[in-house]
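Per-entry structural report
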Amino acid sequence: MKKLLSLTFLFVLFSSQAQYAIKNLEGYSPQMGALISMLDDLKGRVEWHVKDLDQEGTDFLLDDQANRLGALILHLAATEVYYQRATFYDEKLDENEDAEWLTALRLGDKAREELQGKPISYYLDKWEEVRAKTKEVLKTKNDEWLLQLRDSAPGGAEYNYYWAWYHVMEHQANHMGQISLVKKRMKDDTENDY
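This report concerns the structure included in the present document. Here the residue numbers are simple positions, counted from 1 along each chain's written sequence. pLDDT decides what is reported in this predicted model: residues at 70 or higher carry local features, side-chain atom pairs at 80 or more are listed and counted, and totals for whole chains, interfaces and linings draw on all residues regardless. To get the side-chain values, all heavy atoms of the structure are used, and hydrogens and water are removed first.

As for unusual backbone geometry
Despite not being glycine, aspartate 90 has its phi angle at roughly 55°, a positive value. Judged by relative accessible area, aspartate 90 falls into the exposed class, the value being 70%. Even without a glycine there, the phi angle at leucine 107 is positive, about 55°. For each residue, the accessible area found with a 1.4 Å probe, counting protein chains only, is set against the maximum for its type, and the residue is called buried under 20%, exposed over 50%, and partly exposed in between.

Observations concerning the nonpolar core
To qualify as a nonpolar core, a set must consist of buried Ala, Val, Leu, Ile, Met, Phe, Trp, Tyr and Cys residues joined through side-chain atoms within 4.5 Å. The biggest cluster of nonpolar side chains holds 49 residues, and the ones touching the most others in it are Leu35, Ile73, Trp101, Leu138, Trp145 and Trp165. Numbering of helices and strands runs from the N terminus, with a helix taken as a DSSP run of H or I at least four residues long and a strand as a DSSP run of E at least two residues long. For this core, the secondary structure elements donating two or more residues are helix 2 (30–50), helix 4 (69–88), helix 5 (99–106), helix 7 (120–138), helix 8 (143–147) and helix 9 (161–192). Looking at this core, the element that brings in the most residues is helix 4, giving 11 residues. Contact definition: two residues touch when any of their heavy atoms are within 4.5 Å. Sequence-distant contacts of leucine 35, that is, excluding residues within four places in its chain, are made with Leu138, Leu146, Tyr162, Trp165 and Met169.

Some points on the packing of helix 4 against helix 7
Every axis corresponds to a line fitted to the C-alpha atoms, with the helix fit spanning only the stretch in contact, and the corresponding angles, defined between N-to-C directions, vary from 0 to 180 degrees. Look at helix 4 against helix 7: their axes get within 9 Å of each other, and the N-to-C directions meet at 20°. In terms of their interaxial angle, helix 4 and helix 7 are classed as roughly parallel. Note on packing geometry: the crossing formed by helix 4 with helix 7 is left-handed. On helix 7, the residues touching Gly70, Ala71, Ile73, Leu74, Leu76, Ala77, Glu80, Val81, Gln84 and Phe88 of helix 4 are Ile120, Tyr123, Leu124, Lys126, Trp127, Val130, Arg131, Lys133, Thr134, Val137 and Leu138. Just so you know how the angles are binned, under 35 degrees is roughly parallel, over 145 roughly antiparallel, 65 to 115 roughly perpendicular, and the rest oblique. Working rule for handedness: look at the near helix, and if it is turned counterclockwise from the far one by less than a right angle, call the crossing left-handed; if clockwise, right-handed.

Considerations on the packing of aromatic side chains
Pairing of aromatic rings covers Phe, Tyr and Trp, the last through its six-membered ring, and needs centres within 6.5 Å; plane angles under 30 degrees mean stacked, over 60 mean edge-to-face, and all others mean tilted. As enumerated under the stated definition, the model contains nine aromatic pairs in all. Between tyrosine 159 and tryptophan 163 the ring centres are 6.5 Å apart and the planes differ by 75°, which places this aromatic pair in the edge-to-face class. One aromatic cluster is present, formed by Tyr82, Tyr83, Phe88, Tyr89, Trp145, Tyr159, Tyr161, Trp163 and Trp165 through successive ring pairs. Charge-over-ring contacts are defined here by two conditions on Lys NZ or Arg CZ: a distance within 6 Å of the ring centre and an angle within 35 degrees of the ring normal. Lysine 43 extends its terminal NZ or CZ atom over the ring of tryptophan 127, reaching a point 5.3 Å from the ring centre. A cation over a ring is seen here: lysine 118 above tyrosine 122, with NZ or CZ 5.0 Å from the ring centre.

Side note on the side chain of histidine 171
Relative to the helices and strands, histidine 171 resides in helix 9. Judged by its relative accessible area of 18%, histidine 171 is buried.

Overview of the environment of histidine 167
Checked against the element boundaries, histidine 167 lands in helix 9. Accessibility expressed as a relative area gives 23% for histidine 167, which makes it partly exposed. A C-alpha to C-alpha distance of 9.3 Å links histidine 167 and tyrosine 83, two positions 84 residues apart in sequence. Under the rule applied, a polar contact is a pair of N or O atoms within 3.5 Å (in protein, one hydrogen donor and one hydrogen acceptor; residues adjacent in sequence only if both atoms are side-chain atoms). A polar side-chain atom of histidine 167 sits 3.2 Å from a polar atom in the side chain of glutamate 170.

Examining the packing of helix 4 against helix 5
The geometry of helix 4 relative to helix 5 is characterised by a closest axis approach of 8 Å and an angle of 115° between their N-to-C directions. Comparing the axis directions of helix 4 and helix 5 gives the class roughly perpendicular. Judged by the twist between their axes, the crossing of helix 4 over helix 5 is left-handed. The segment helix 4 lies against helix 5, with Leu74, His75, Ala77, Ala78, Thr79, Val81 and Tyr82 engaging Glu100, Trp101, Ala104 and Leu105. Three categories are distinguished: nonpolar for Ala, Val, Leu, Ile, Met, Phe, Trp, Tyr, Cys and Pro, charged for Asp, Glu, Lys and Arg, and polar for the others, with Gly belonging to the last. When grouped by side-chain class, the residues that make up the contact of helix 4 with helix 5 number eight nonpolar, two polar and one charged.

Details of the pattern of salt bridges
The rule for a salt bridge is simple: a side-chain nitrogen of Lys or Arg has to be within 4 Å of a carboxyl oxygen of Asp or Glu. Within the structure shown, the criterion is met by 11 salt bridges. Residue glutamate 95 pairs with arginine 106 through a salt bridge whose shortest N-O separation is 2.6 Å. With glutamate 95 in the loop between helix 4 and helix 5 and arginine 106 in helix 5, this residue pair connects regions lying 11 residues apart in the sequence. In terms of burial, glutamate 95 and arginine 106 fall into one category: exposed. Beyond isolated ion pairs, a larger network of salt bridges with shared partners links Asp40, Glu80, Arg131 and Lys135.

Right under this line is the structure:
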């Protein structure tokens, strides 16, 4: 029985993975294409979790310290804007010009108050605009740019832009888990109302 279960598991695993692949994309250098492929895969999976939320779901708060799901999507976009500025232009977000992005980046009380009342499509559209810019600029870069070691990380450690953009993906994956948890709890709260 254990052998049958193991074989079934492997079949499901490999058959489901057969339709997914990290690809080098046309118009990008090999490493850059793989990076964009991974960024887009994660973005698609996050979007899948939230795309059908109604207004109540978009603005749902698990508790008074939690973040709304719409705010989390804008937070992911803001994180990407932060890394665009840092890696493409060697700049930081400006307190005045980038107030909306900074609110979304920092989350907290101000975001809980301000980032609500808009449909999930608003937040997804903003993220899509940011991603389009990321892809536009990364298309002009090459693998050498991505892999070149730099020495201005905190503590003077060496890093490269591949690591920076890997962190963007890691950040998206962490919040995808948070979004899944909130959606499950939202569903549990709804079922408990009856």
